[in-house]
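# Structure at a glance
Listed below, chain by chain, are the residues.
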Amino acid sequence: MMSSMHGLHRLALRLGAAATLAICAGLSAAQEPIRIGAFLSITGPASFLGDPENKTLELYIEKLNAAGGVLGRKLQLIAYDDAGDAEKARTFARRLIEQDRVDVIVGGTTTGTTMAVVPLVESAQVPLLSLAGAVVIIEPVKKWVFKTPHTDRMACEKIFADMRARKLSRVALISGSGGFDKSMRGECLGVAKKAGIQVLADENYGDRDTDMTAQLTKIRNTPGVQAVLNPGFGQGPAIVTRNFRQLGLKMPLYQSHGVASKEFIRLSGEAAEGVRLPAAALLVAESLPASDKQRPVVVGYKREYESRFKSEVSTFGGHAYDGLMLAVEAMKAAGSSERAKVRDALENVRGYVGTAGVVNMSAKDHMGLDLSAFRMLEVRKGDWTLVP
Amino acid sequence: MAARFATPRAGGMAALAALIALLPLGLRNDYFYDVAILVGLNAIVCVGLNLLVGYAGQISLGHAGFFGIGAYGSAILATRYGWPPLAAMLAATLAAAAIAFAVGRPILRLRGHYLAMATLALGVIVYMVISTEDRFTGGPDGMTVAPLAIGGWALRDPRLWYWVVGALLLAAVWFALNLIDSPTGRALRALHGSEVAAEVVGVDATRHKVMVFVVSAVYASIAGSLNAHFSGFITPAKVTFLHSIELVTMVVFGGMASTFGAVVGAAALTTLPQVLTPLKDYEMMVLGAVMMGTMIFMPRGVVPSLQALLTRRRDAAAAAAAPAPRPGDGQ
Amino acid sequence: MSAQFVQFLLTGLTVGAIYALVALGFSIIYNASQVINFAQGEFVMIGGMATVWFAAAGVPYAAAIPLAVAAAAAVGLALEKFAVEPARGASVVTLIIITIGASIFLRGLATLIWDKQLHVLKPFSGDTPIVLGGATLLPQSLWVLGVSLAIVLALAWFFGRTLLGKAMLATSNNRLAAQLAGIRVRHVLALAFALSAALGAIAGILIAPIAFTSYDVGVMLGLKGFAAAILGGMGSGAGAVVGGIVLGIAETMSAGYISSAYKDAIALLAMLAVLFFLPSGLLGRRGTERV
């Protein structure tokens, strides 16, 4: 009896020791390089955001190093996959800060994973560049937290302004059950009144639903609806778009910046014709006028990404590009990779031209984008076109 | 006295206490403490779940639901309504217990796969409510949770959290071991063997099953509350079907009907993803393969299988040295 | 109002038919081996993704589809041979975890062989909606309903009329007796896994033009299929079909008439209610729980 328990005790100790050793062994980093940490949702439900983000970071760290690095030092990327789980994100962020001793963190693919990490980076005093959309990340302003994409509130405002310009004011919402969908739905409901928009119907669908005709039938039978808005990302909006045409609905359909990639058109096929959405200039890179400030940046990123990965560029990867380049920009301006100096430099970024728009940070604005950075796009003949 | 100490129960408790006391020597920074705390919290859930799955033989694929009731109950009451966190935790725990008690009777009448589906459905329904009612829960993006404050003093440092969770884990194990040795525990094991036979000899099957269901729900709920306060942020990802599966996997991986196995399973499967990160794209495949491999080659779980191996070796050694009577097998 | 009802009904039938095919896969494997195969959803994924892959390589649908179904069946055989057979006699929970491990493994493999993108198949016969009693229906829905019906009839014939099918049924009733009667039980098991994988793959291919496919498409469909199989009564072929259709219609009707946010929860509650009154599902075997 006694010795059997003794064996168990030894076993438990050994297991513990083995696990500890394995963690340590995986993580002995060199001293020299500037360390860029990242926690992204490379797998899981937000993988279509996280996967291009991760690829973009890998691609550009490699390119920056090939060009001699930053401040004469090489860059090292340490990226973890949080699979969209906030708890994992927090643990990985702690690992980046405590174990990998990174200089700056890019990440938080989703609002949930970002917000879970905010208390940690605030107390550890590490600059964080989030790639997620919701307003709560930067409002109220948090000293160490910045973000690169437009907020969902801006998307709502842009869409509603476009609706008003087309004399549409009575709207039906249909959104998914994911975080992006719900956050944008909330923001749209919040700003609708101020924008002079009346929301007549508010329908939902599940993450992996295969058919939304029931919800759209209800919208069709709601009298007075002039336009439909579908905040969401992933396959849901494409199914909504197809079901919308199947049911013969004739009113304008608006999608969100959550489906701003060619993939949406590929999935929706013919049904995507006439769909409008607000998005960054990246999607229409080649049709921007030569005078556009963003043109060289977005065309350059698009070509690099597409030739390397043989898949179409999305604005999500663009967010990661902006995050990395803003960090690099700040380090150059600060002449150092020291966390506090980088943070101060980030707050002082003015006129940085990225894929999302022209960034002007300030102590009150840790995103630095305005509505002009959003372009209203329409699908015509199977491609994105700028709405004049 | 010595004889008392030599029971597997006390020996195991001592071993676990020693491990918890000595482990900080190997924890180099807060990240390690963070992982150790998560191991502890998962272990508490698994010790409770093991009572249900391992001893009573009732499967549950919905325990993340109880974890979520604890986490969100505590988070909402403490953060949105300003309750003292300990009171919020208590209320959440009572709510989890009440729900488990209410649904326990009809659900535990079901057998095998029907029970699996019913508990799964229960967990999914809790998830849907949490993820839909965003006014209270923050929806899929989650909500911030107030720190665990006692009086005016807030527990924030992971190094302190470690001792709190360690002590609770010891208490959880101690209570579970006592329950197993009680008449209820014997009744449960009888149920696991044959429910009909147990009923024939006068065991009120449903009552015992409901009781252990409630106990396991309380374990999950307390761990959920603690997890919410420790993390300072909670999302419904912790309430998904996948998290329920993860919990059951920990129990089975470590060894069903072995309380220390549940702890080992929680430790192994909580640290595994941290260890596998260098594998990047291969991580999922390796995780799946590890799960399959362990279950195929050690269908009873790691701890019981290794125990059996050790016993056999020792017996063989003893038999080689001198023909001796076979000692009793370990618990 | 009634056009609306017809619309909900048609939608529910289409969704339900897919659930039914997945549920049939669960039932066939369960009957042969008493295993609940949580990797069933991955067959759905393999069907869709492999067809997309073959089609992208220039293989016409007429060949790509059988190839994809064959690939899924091969994976089903491998699953039986390397994961389920070696664990014979393990407990229910152990087997569940083995199949969940297999599903994680297969999903990981799919991200390596293919990618994490969504893919779409071209509808088999165009995209022009068909109007039916005021409701509209995509031609692909007719394919889903038609093929599902054909499969159900074919399975009924197979299990009711052919020697092999009867051998499979006999094995599910009493393995030892079947073995004594000269049935090669191991072959029956292998066949069950291949057949059920093929069914899952067909479901995945049928749905891909409507709801797309990706490496993780199987998670939700697998879960819904399991719910349908339980609702109908695990192990009952007719039960799986009825369970699938009832679940599909319940979801759509709840979305249409009650609350689209809670439609899945309502469907699950309905299922729980059925289980409380009929603890072995709508058409499950009664009182044959082995002690």
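Let us look at the structure shown here.

Quick notes on the rules
Residues numbered from 1 in each chain as written. Chains lettered and ligands numbered in written order. Predicted model: local features only at pLDDT ≥ 70, side-chain atom pairs only at ≥ 80, totals over all residues. Heavy atoms only, no water. Helix = DSSP H or I, 4+ residues; strand = E, 2+ residues; numbered from the N terminus. Rg over C-alpha atoms; globule rule 2.2 N^0.38 Å. Contact = heavy atoms within 4.5 Å. Areas by Shrake-Rupley, 256 points an atom, 1.4 Å probe, with all protein chains shown as cover. Lys, Arg positive; Asp, Glu negative; His and termini not counted. Charge placed at Lys NZ, Arg CZ, Asp CG, Glu CD. Buried area = accessible area lost by both parts, 1.4 Å probe. Salt bridge = Lys/Arg side-chain N within 4 Å of Asp/Glu carboxyl O. Polar contact = N/O pair within 3.5 Å; in protein donor to acceptor, adjacent residues only side chain to side chain. Buried < 20%, exposed > 50% of the residue type's maximum accessible area, 1.4 Å probe, protein only. Expected span 1.5 Å × (residues − 1). Core = buried A, V, L, I, M, F, W, Y, C linked by side-chain atoms within 4.5 Å. Domains from an automatic or database assignment. Axes fitted to C-alpha atoms, helices over the stretch in contact; angles between N-to-C directions. Parallel < 35°, antiparallel > 145°, perpendicular 65-115°, else oblique. Nonpolar A, V, L, I, M, F, W, Y, C, P; charged D, E, K, R; others polar. Disulfide = S-S within 2.5 Å.

## A closer look at the overall build of chain B
The number of helices and strands found in chain B is 15 helices and four strands. The C-alpha radius of gyration computed for chain B amounts to 20 Å, which stays within 12% of the reference 20 Å derived for 331 residues, consistent with globular compactness. C-alpha atoms of chain B, sized along the principal axes, occupy 70 × 50 × 50 Å. Taking all contacts inside chain B whose residues are at least 6 apart in sequence as the whole, residues at least 24 apart take part in 77%. For chain B, the accessible area works out to roughly 12,700 Å², and carbon and sulfur atoms hold 68% of it. Of the charged side chains in chain B, 21 are positive and 15 negative, and the gap between their average positions amounts to 8 Å.

## A few points about the interface of chain B and chain C
Buried accessible area, meaning the area lost when the parts come together, often serves as the stated size of an interface. Opposite the 39 residues of chain B that make contact, chain C presents 48 residues. Carbon and sulfur atoms make up 83% of the area that chain B and chain C hide from each other, which totals about 3,900 Å². If you look at where chain B meets chain C, you find zero salt bridges. In this structure, the connection of chain B to chain C is made through five residue pairs in polar contact (both at pLDDT 80 or more). If you tally residues by element for the side of chain B that touches chain C, the top one is helix α6 (residues 112–132) of chain B, at eleven residues.

## Re the pattern of salt bridges
All names here are of chain A. As enumerated under the stated definition, the model contains 32 salt bridges over all chains in all. With a closest N to O distance of 3.5 Å, K302 and E306 form a salt bridge. Of this pair, K302 and E306 are both found in helix α10 (residues 295–309), four residues apart, which corresponds to roughly one turn of the helix. For K302, a relative accessible area of 15% puts it in the buried group. The partner of E338 in a salt bridge is K341, with the nearest N and O atoms 3.7 Å apart. Note on K341: relative accessible area 40%, which makes it partly exposed.

## Details of helix α3 (residues 86–99) of chain A
All names here are of chain A. Given a rise of 1.5 Å per residue, 14 residues ought to cover 20 Å, and the 19 Å separating the end C-alpha atoms of α3 matches this to within 8%. Judged by how many residues are buried, α3 sits mostly within the fold: twelve of 14 residues are covered. Three or more residues of α3 are buried, namely A86, E87, A89, R90, T91, F92, A93, R94, R95, L96, I97 and Q99. Backbone nitrogen of E87 and a side-chain oxygen of the N-cap are separated by 2.9 Å at the start of α3; the cap is D85. The first or second residue beyond α3 is R101, which carries a positive phi of 50°.

## Things to note about the nonpolar core
By size, the foremost hydrophobic cluster in this structure holds 329 residues, and its most contacted members are F160 and M163 of chain A. At 19 residues, the largest contribution of residues to this core is made by helix α3 (residues 30–55) of chain B. Looking at this core, you find at least three residues from each of domain 1 (34–150 + 298–373) and domain 2 (152–279) of chain A. Excluding residues that lie within four positions of it along the chain, M163 of chain A makes contacts with L168, V171, I197, A227, L229 and Y254 of chain A.

## Remarks on the packing of helix α4 (residues 63–80) of chain B against α6 of chain B
Residues and elements named next belong to chain B. As a packed pair, α4 and α6 sit with axes 8 Å apart at the nearest point and diverge in direction by 30°. It follows from the interaxial angle that α4 and α6 lie roughly parallel. Note on element contacts: α6 touches α4 through L122, G123, V126 and I130, opposite G65, F66, G68, I69 and Y72. Partitioned by chemical class, the residues of the contact of α4 with α6 number six nonpolar, three polar and no charged.

## Describing the state of the cysteines
Residue and element names in this part refer to chain A. A full pass over the atoms with the stated rule returns one disulfide over all chains. At a sulfur-sulfur separation of 2.1 Å, the disulfide partner of C156 is C188. Linking C156 and C188, the disulfide has an S-S dihedral of approximately -90° and is accordingly described as left-handed. Here C188 lies in helix α6 (residues 179–192) and C156 lies in helix α5 (residues 152–165), a separation of 32 residues in the sequence. Neither C156 nor C188 differs from the other in exposure class; each is buried.

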